[in-house]
Amino acid sequence: MAEAVVSATVPAPSVAVPAPLPVRAVLPWAFFVGLLALIALYFVGAEQGATSLIAGSDVHEWVHDGRHLLGFPCH
């Protein structure tokens, strides 16, 4: 018995290529996110004692668990 070889050409799936983002569009957002990250790091890591901008221990109590989670000593 002869077997018939069927060769079907299957088109290769097209790969979606994302559009490139211009640096000028990303740079302000990257700066803004970096600034927010630095502010958050300050309040979690240094907002107590001599560098405190806000009097009292309210901020310290609000970020207390995050401070321990990130490895900052606080007492």
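The rules behind the values
- Residues numbered from 1 in each chain as written.
- Predicted model: local features only at pLDDT ≥ 70, side-chain atom pairs only at ≥ 80, totals over all residues.
- Heavy atoms only, no water.
- Helix = DSSP H or I, 4+ residues; strand = E, 2+ residues; numbered from the N terminus.
- Buried < 20%, exposed > 50% of the residue type's maximum accessible area, 1.4 Å probe, protein only.
- Contact = heavy atoms within 4.5 Å.
- Areas by Shrake-Rupley, 256 points an atom, 1.4 Å probe, with all protein chains shown as cover.
- UniProt positions renumbered as here; feature names shortened; annotations may be inferred.
- Patch = residues over 30% accessible without salt bridge, like charges linked within 9 Å, V, L, I, M, F, W, Y side chains within 5 Å.
- Salt bridge = Lys/Arg side-chain N within 4 Å of Asp/Glu carboxyl O.

Asks: Please clarify how the overall build of the protein chain should be interpreted in this entry.
Replies: A tally of regular secondary structure across the protein chain gives three helices and zero strands. When the helices and strands of the protein chain are read in sequence order from the N terminus, they spell out α-α-α. Across the 75 residues of the protein chain, 11% fall into the buried class. Expressed as a percentage of contacts within the protein chain between residues at least 6 apart in sequence, the contacts between residues at least 24 apart total 20%. For the protein chain, the accessible surface area stands at approximately 6800 Å², while carbon and sulfur atoms represent 72% of it.

Asks: Is there a simple way to explain the UniProt feature "transmembrane region" (unreviewed entry) in the protein chain in this structure?
Replies: Those residues carrying the UniProt feature "transmembrane region" (unreviewed entry) are residues 26–44 in this numbering. Between the first and last C-alpha atoms of residues 26–44 the distance is 27 Å; the span itself is 100% helix and 0% strand.

Asks: Explanation requested: a nonpolar patch on the surface in the structure shown.
Replies: Side chains of Trp29, Phe31, Phe32, Val33, Leu35, Leu36 and Ile39 sit close together on the surface and give an oily, nonpolar patch of about 760 Å² of accessible area. Tracing the sequence through the fold places Phe31 in helix 1 (residues 23–45).

Asks: Even after reading the chapter, I still don't get the environment of Ile54, so can you show me in this structure?
Replies: Its place among the elements puts Ile54 in the loop between helix 1 and helix 2 (58–62). For the pair Ile54 and Phe43, spaced eleven residues apart in the sequence, the C-alpha separation amounts to 10.0 Å. Sequence-distant contacts of Ile54, that is, excluding residues within four places in its chain, are made with Phe43, Glu47 and Val59.

Asks: Where do I start with the environment of Val59 in this structure?
Replies: Here Val59 is to be found in helix 2. Separated by twelve residues in the primary sequence, Val59 and Glu47 place their C-alpha atoms 7.1 Å from one another. Those residues in contact with Val59, other than ones at most four positions away along the chain, are Phe43, Glu47 and Ile54.

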